[in-house]
Amino acid sequence: MRDLRLARRLRHLADRAACCLIASALVVAPGRSGTRMHPLHTTITTITYDGTSHQATVTVRVFANDLDTAIARRPHGRSPVSSRSSNADSFAYLASVFTAVGPDGRALSVQWCGSRLTGDLLWACLRLAAPRGLSGVRIRNQALVELFDDQVNVVMAEYDGRRESLLFTKGDAAKPLP
Amino acid sequence: MSELLTFVHLGFRHIVDVGAADHILFLLALAAIYQPRDWRDALWVVSAFTVGHSITLALAVTGVVTLPSSLIEFLIPITILITGIENIVVRDRATALWGGRYRPMFAGVFGLVHGAGFANYLKSMFVDHLALPLFGFNVGIELGQIFVLGWAFLVLWGVDRMLASARLPIPSPSPLRLRVVAISALVTAVAASWAVQRSPFFTPW
């Protein structure tokens with residue numbers, strides 16, 4: 001009988017403790033947070049190789065606000081976060097985080113080929129000179145990893161009638177296209 | 001790596017990341033009432049959550065429905081809150097509605113809310129081709145959830161062992177009930193604070 005009473009008391013105590021915990025969380029909840037619950041930090045890059053011109057067109061899809069923030073945080077970042085970065089700033093940033101090295105160990109030359117904004121998304125175009133094709137080229141994409149630890153950059157390449165994908169996270173080394 | 005595998009990987013990473021606390025807490029709340037031997041029930045509930053998640057994601061990404069982000073950001077912690085409270089309130093599942101078998105439906109409906117959480121983001125990103133990335137992403141999410149569920153069961157088993165070795169002086173409440181209340185209260189408390197932070201009806205004091 002005594003055990004039963006104690007058990008009932010303990011059960012009520014556990015329920016009350018649970019209620020108190022929930023209530024205290026509501027009281028101590030800090031002010032309104034503008035951050036998303038579960039943000040997905042990713043960029044999508046497509047590389048299309050043209051065998052006649054021996055050039056590859058690289059299209060980087062990146063959220064413009066994130067790119068502006070990354071550029072503004074660079075040592076000589078000129079762009080204030082509140083305004084859109086210039087093409088020169090965007091190119092300088094993307095050319096530093098996206099690299100392509102040929103099988104001979106020489107970096108492929110990169111040129112800017114424009115950008116367009118669709119909603120919040122910036123489509124940046126880079127052109128790579130790849131006289132020997134993309135097979136064996138080592139790609140590295142570290143875009144925005146300095147902003148987000150969970151950043152994942154997807155690179156999809158289309159060349160020689162095949163489609164290959166690479167995935168990059170913070171600190172990843174260059175990966176070869178097969 | 002194939003394109004499909006890339007997006008499976010992306011979905012998997014999205015769930016097993018520390019930043020996915022809302023998703024992980026929801027899974028923990030769903031799993032809290034089960035014992036390791038009930039893993040099939042838990043898997044069924046989690047899969048129903050994925051189905052709901054995938055439906056909204058597909059509808060929102062293809063533009064069939066448009067959902068306001070601020071409302072979804074608020075509703076996500078509310079789903080966790082309700083799951084935690086349901087765990088605490090329903091003491092005996094055998095005598096509960098439909099013998100407690102309503103949980104997969106419940107998880108499926110809440111999955112609809114969670115799927116909308118990042119639909120706008122994916123919609124912008126996969127604007128030109130959707131089917132394969134979306135399918136791969138959802139498969140990755142399901143695999144990630146099974147992985148998290150495995151860890152959740154390991155944690156729950158550890159809590160059960162701890163409670164069993166504590167040699168409680170009385171037969172009731174059972175160690176399972178204590179575990180359910182403790183974990184659910186913690187999860188509910190965190191979700192409650194998130195709900196307040198993200199409430200569209202709340203002005204900070």
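Calculation notes
Residues numbered from 1 in each chain as written. Chains lettered and ligands numbered in written order. Predicted model: local features only at pLDDT ≥ 70, side-chain atom pairs only at ≥ 80, totals over all residues. Heavy atoms only, no water. Salt bridge = Lys/Arg side-chain N within 4 Å of Asp/Glu carboxyl O. Helix = DSSP H or I, 4+ residues; strand = E, 2+ residues; numbered from the N terminus. Buried < 20%, exposed > 50% of the residue type's maximum accessible area, 1.4 Å probe, protein only. Expected span 1.5 Å × (residues − 1). Disulfide = S-S within 2.5 Å. Phe/Tyr/Trp six-rings, centres within 6.5 Å; stacked < 30°, edge-to-face > 60°. Lys NZ or Arg CZ within 6 Å of the ring centre and 35° of its normal.

A.B. asks: Is there a simple way to think about the pattern of salt bridges in this case?
C.D. replies: Where charged atoms from two side chains of opposite charge come close, those side chains can pair. Counting across every chain of the model gives 8 salt bridges over all chains. The closest approach of N and O atoms between Lys 170 of chain A and Asp 149 of chain A, which form a salt bridge, is 2.8 Å. A residue pair is termed long-range when its members are at least 10 positions apart, and Lys 170 of chain A in the loop between strand 8 (162-169) and strand 9 (175-176) and Asp 149 of chain A in the loop between strand 6 (138-141) and strand 7 (152-159) qualify at 21 residues. For Asp 149 of chain A, a relative accessible area of 61% translates into the label exposed. Among the ionic pairs, Asp 172 of chain A bridges to Lys 175 of chain A, the shortest N-O distance being 3.4 Å. Judged by relative accessible area, which is 26%, Lys 175 of chain A ranks as partly exposed. Overlapping salt bridges, with partners in common, bring together Glu 158 and Arg 163 of chain A together with Glu 3 of chain B in one network.

A.B. asks: Would you mind showing me how to read helix 8 (residues 175-198) of chain B here?
C.D. replies: Side chains that are three or four residues apart share a direction in an α-helix, a result of its 3.6 residues per turn. Compared with an ideal rise of 1.5 Å per residue, which puts 24 residues at 34 Å, helix 8 of chain B spans 34 Å between its outermost C-alpha atoms and is within 8% of the ideal. Summarising burial for helix 8 of chain B: 19 of the 24 residues are buried, a large majority.

A.B. asks: In this structure, what is going on with the state of the cysteines? I would like to understand it.
C.D. replies: Two cysteines form a disulfide when their sulfur atoms are joined by a covalent bond. Residue and element names in this part refer to chain A. This structure, assessed with the given rule, holds 1 disulfide over all chains. The side chain of Cys 113 participates in a disulfide bridge whose partner is Cys 125; the two sulfur atoms lie 1.8 Å from each other. On the sign convention where negative is left-handed, the bridge of Cys 113 and Cys 125, at about -85 degrees about the S-S bond, is left-handed. Taken together, the positions of Cys 113 in strand 4 (residues 110-118) and Cys 125 in strand 5 (residues 121-129) put the pair 12 residues apart, joining distant regions of the chain. According to the relative accessible area criterion, Cys 125 is buried, its value standing at 13%.

A.B. asks: Just to check I follow, could you spell out the packing of aromatic side chains for this structure?
C.D. replies: For any pair of aromatic rings, the description consists of the separation of the ring centres together with the inter-plane angle of the planes. Applying the stated criterion across every chain, the model contains 6 aromatic pairs over all chains. Here the aromatic rings of Phe 106 of chain B and Phe 110 of chain B are separated by 4.8 Å at their centres, their planes lie at 45 degrees, and the arrangement is tilted. Here Phe 106 of chain B and its partner Phe 110 of chain B are both found in helix 5 (residues 103-116), 4 residues apart, which amounts to about one turn of the helix. Here Phe 106 of chain B matches Phe 110 of chain B in class, with each residue buried. Aromatic ring contacts, followed pair by pair, group Phe 26, Phe 49, Tyr 102, Phe 106 and Phe 110 of chain B into a single cluster. Lys 175 of chain A extends its terminal NZ or CZ atom over the ring of Phe 168 of chain A, reaching a point 4.9 Å from the ring centre.

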